[in-house]
Amino acid sequence: PDAWHRLALDPPRAYGAAPVSGALRAELADFVVEEQLGFEPDGGGSHRLLRVEKVGANTLFVARALAVRAGRPPADIGFAGQKDRRAVARQWFSVPATRETASYVGYSGEGFRVLSEHPHSRKLRRGALTGNHFRIHVRGLQGDPGAVTARIERLVASGLPNYFGAQRFGREGANLRRVRQWLESGRLPRGREQRAFVLSSARALAFNAVLGARVEANTWNRLLPGEVINLAGSQSVFASEHPDEGLYRRLTEGDLSPTGALCGAGGVLPGGKVTVEISKIRGIPAGKDSISPNRHYDIA
């Protein structure tokens, strides 16, 4: 359990300790996130895209509230990603609609309100966003603020290990307990949402374990033989048995990066020196029965 918590909440650092410290999220307004969609609403009539502001509210709670308002099952409500609960978050949802459906603008519930509405032809799918814009207020800052600029410059030049963050593992790593219960009993929770939390946490933990090992070996931002490589700004990946000078140059230019695989069936698998047998990392689940498909996640 101690090793799991370190991988989830305090994994190995590529550049050493942080140069400054302070209090984050002392108030909800200290952490503001704006979701950026990768497309414009297309004007179709079968769905409506809703821009929602939530304050101290869970994404799934908002989705369920919108489902009640729409008179549809929660599975029909789309969203691109789950945003922080302890924050002011503005994100997008989709709801099925007809032309007779009343406007959702102004609809509100505990901790959320609908800001705007746009006709669209498709349900909003997970991952359908270009990124998120954050505004973070750090209170009681201690240390040398100038060192932050130097650290940012180093990150821009060399990248950063893209670990799954603490949010993926629940409050104080609570989801890790559920993963352990799954391993010990062989049974996943029956509810779809709870099952998804367990599988997602298990995959993220395995990913962090592999990435942490590469950080400690100082290979996380290098191309190794057998690497699965991701093209920047796309979902396109390919394996390279023997990376050449051209690939190394593109790596330094930020055009591509090495990846870590998420456990599951199928997909492009690493080989050569990059291969890590997940089952040899103590207690980390692997196998085709429960976790699929195999996807890749940038690590540099």
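To be clear, the structure that these remarks concern was listed above.
Scope of this entry: the structure provided in the associated data block. Owing to the predicted nature of the structure, the values given are computational and were not obtained by experimental measurement. (Residues numbered from 1 in each chain as written. Predicted model: local features only at pLDDT ≥ 70, side-chain atom pairs only at ≥ 80, totals over all residues. Heavy atoms only, no water.)

## Here's the deal with the pattern of salt bridges
In step 1: Inspection of the entire model under this criterion finds 16 salt bridges.
In step 2: Of the charged contacts, one joins Asp-84 and Arg-25 as a salt bridge, the two residues approaching to 3.0 Å between their closest N and O atoms. Of the two residues, Asp-84 sits in the loop between β4 (78-79) and β5 (88-96) while Arg-25 sits in the loop between β1 (20-24) and β2 (31-37), which places them 59 residues apart along the sequence.
In step 3: Asp-84 sits in the buried class, given a relative accessible area of 10%.
In step 4: Put simply, Arg-139 and Asp-30 hold a salt bridge, and the shortest N to O gap is 2.7 Å. On the criterion of sequence distance, the pair formed by Arg-139 in strand β9 (residues 138-143) and Asp-30 in the loop between β1 and β2 is long-range, its members being 109 residues apart.
In step 5: Given a relative accessible area of 30%, Arg-139 falls into the partly exposed group.
In step 6: One network of salt bridges, in which partners are shared, links Glu-34, Arg-51, Glu-53, Arg-90 and Arg-113. (Salt bridge = Lys/Arg side-chain N within 4 Å of Asp/Glu carboxyl O. Helix = DSSP H or I, 4+ residues; strand = E, 2+ residues; numbered from the N terminus. Buried < 20%, exposed > 50% of the residue type's maximum accessible area, 1.4 Å probe, protein only.)

## Some thoughts on the pairing of strand β10 (residues 227-231)
For a regular strand, side-chain orientation follows a simple rule: the groups alternate between the two sheet faces.
In step 1: The element β10 is largely enclosed, with a buried count of four among its five residues.
In step 2: Here β10 pairs with strand β11 (residues 237-240) via four bridges, running antiparallel. Bridge assignment links Glu-227 to a residue of β11, and that residue is Ser-240.
In step 3: Between the antiparallel neighbours β10 and β11 lie five residues, among them Gly-233 with a positive phi of about 75°.
In step 4: Sheet analysis places β10 next to strand β12 (residues 256-262), joined by three bridges and oriented antiparallel. (Pairing = 2+ DSSP bridges.)

## Let's talk about the nonpolar core
In step 1: Core analysis: the biggest nonpolar cluster contains 21 residues, and Phe-164, Phe-169, Leu-176, Val-179, Trp-182, Leu-205 and Leu-211 have the highest contact counts within it.
In step 2: At nine residues, the largest contribution of residues to this core is made by helix α5 (residues 192-216).
In step 3: For Val-179, the contacting residues outside a window of four places in its chain are Trp-4, Val-198, Ser-201 and Ala-202.
In step 4: Core analysis: the second largest hydrophobic core is formed by 16 residues, Ala-57, Leu-66, Tyr-104 and Val-114 among them. (Core = buried A, V, L, I, M, F, W, Y, C linked by side-chain atoms within 4.5 Å. Contact = heavy atoms within 4.5 Å.)

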